[in-house]
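Structural characterization, general
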Amino acid sequence: MSKKQLLLQTAAQMIREDGISQLSLERLATKAGITKAGVLYHFDNKANLLRQMNELAIETFEKRISDHISDGPYSFTRAYALATLDDVDHGDMDLVAVFISSQEDATSESIWSDVSTGWDERFAADGPDQDAILKLRLLCDGFWFAVLYGYSESFKDRAATLIREACDELIQGGL
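Predicted model only: the values in this text are computed from it and were never measured.

Right, let's talk about the UniProt feature "domain: HTH tetR-type" (unreviewed entry) in the chain for a bit. Sites flagged by UniProt as "domain: HTH tetR-type" (unreviewed entry) map to residues 1-61. The span residues 1-61 is 77% helix and 0% strand, and its two end C-alpha atoms sit 19 Å from each other.

What follows is the structure, encoded as structure tokens:
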């Protein structure tokens, strides 16, 4: 892992643990065990750091969606749901915290708003039963929040099962 990737992951962990308002380049340097100049080598300022963290979170999630695109009905919706489960399976809840915290930073909020608009378009084109799509999307989004805020393992397992069952129901024609 490169030093830049380590800094991005450390910053995401700091946001998850302490909130975006507590993130500073100095605190990041201390937590990562490098000088502030070392952080500044990769990120001009906090805004640049946040932008790159959001881009990493989006890139990671979009890659997972692409990995799950398959033939059949509601391909994007199902891929979105399975990518959501991947976030938890791969321990990327720090990146989810970046997304959730984006509401506190105008630039980050704008980045996610653009991505969300693109997802909305893909959901709208994904199949005729828009209510079924919305139900699965809300289940996934709620899953992110619940896992991020520390729900139990048994909850995560049951919720993941419900998401997989909802994907199967979409294929069969009803949710």
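For the rest of this paragraph, the subject is the packing of helix 5 (residues 75-89) against helix 9 (residues 153-172). At their nearest, the axes of helix 5 and helix 9 sit 10 Å apart, and the two run at 165° to each other. With respect to their mutual orientation, helix 5 and helix 9 come out roughly antiparallel. At the point where helix 5 passes helix 9, the crossing takes the left-handed sense. In contact with Thr77, Arg78, Ala81, Leu85, Val88 and Asp89 of helix 5, helix 9 contributes Lys156, Ala160, Ile163, Arg164, Cys167, Leu170 and Ile171. Of the residues belonging to the contact of helix 5 with helix 9, the class tally is 8 nonpolar, 1 polar and 4 charged.

By size, the foremost hydrophobic cluster in this structure holds 31 residues, and its most contacted members are Phe61, Ile65, Tyr80, Trp119, Leu136, Phe143 and Ile163. Those elements that place two or more of their residues in this core are helix 4 (46-68), helix 5, helix 7 (106-124), helix 8 (130-148) and helix 9. Core analysis: the second largest hydrophobic core is formed by 20 residues, Ile20, Ala29, Leu49 and Leu50 among them.

As recorded in UniProt, the sites labelled "DNA-binding region" (unreviewed entry) are residues 24-43. Secondary structure content for residues 24-43 is 75% helix and 0% strand, while the C-alpha to C-alpha distance between its ends is 11 Å.

What follows deals with unusual backbone geometry. One non-glycine residue, Tyr74, lies in positive phi territory at about 55°. If you trace the backbone, Tyr74 turns up in the loop between helix 4 and helix 5.

Moving on to the packing of aromatic side chains. By the definition in use, this model includes 9 aromatic pairs. Each ring, one from Phe76 and one from Phe123, has its centre 4.9 Å from the other, and the planes form 70°; the classification is edge-to-face. Separated by 47 residues along the polypeptide, Phe76 in helix 5 and Phe123 in helix 7 bring together distant segments of the chain. Given the relative accessible area of 5%, Phe76 is considered buried. Aromatic ring contacts, followed pair by pair, group Phe61, Phe76, Tyr80, Trp112, Trp119, Phe123 and Trp144 into a single cluster.

What follows is about a nonpolar patch on the surface. Together, Phe145, Tyr149 and Tyr151 make up an exposed nonpolar region whose accessible area comes to about 360 Å². Accessibility expressed as a relative area gives 38% for Phe145, which makes it partly exposed.

Conventions we followed
Residues numbered from 1 in each chain as written. Predicted model: local features only at pLDDT ≥ 70, side-chain atom pairs only at ≥ 80, totals over all residues. Heavy atoms only, no water. UniProt positions renumbered as here; feature names shortened; annotations may be inferred. Helix = DSSP H or I, 4+ residues; strand = E, 2+ residues; numbered from the N terminus. Axes fitted to C-alpha atoms, helices over the stretch in contact; angles between N-to-C directions. Parallel < 35°, antiparallel > 145°, perpendicular 65-115°, else oblique. Left-handed = near helix turned anticlockwise from the far one by under 90°. Contact = heavy atoms within 4.5 Å. Nonpolar A, V, L, I, M, F, W, Y, C, P; charged D, E, K, R; others polar. Core = buried A, V, L, I, M, F, W, Y, C linked by side-chain atoms within 4.5 Å. Buried < 20%, exposed > 50% of the residue type's maximum accessible area, 1.4 Å probe, protein only. Phe/Tyr/Trp six-rings, centres within 6.5 Å; stacked < 30°, edge-to-face > 60°. Patch = residues over 30% accessible without salt bridge, like charges linked within 9 Å, V, L, I, M, F, W, Y side chains within 5 Å. Areas by Shrake-Rupley, 256 points an atom, 1.4 Å probe, with all protein chains shown as cover. Salt bridge = Lys/Arg side-chain N within 4 Å of Asp/Glu carboxyl O.

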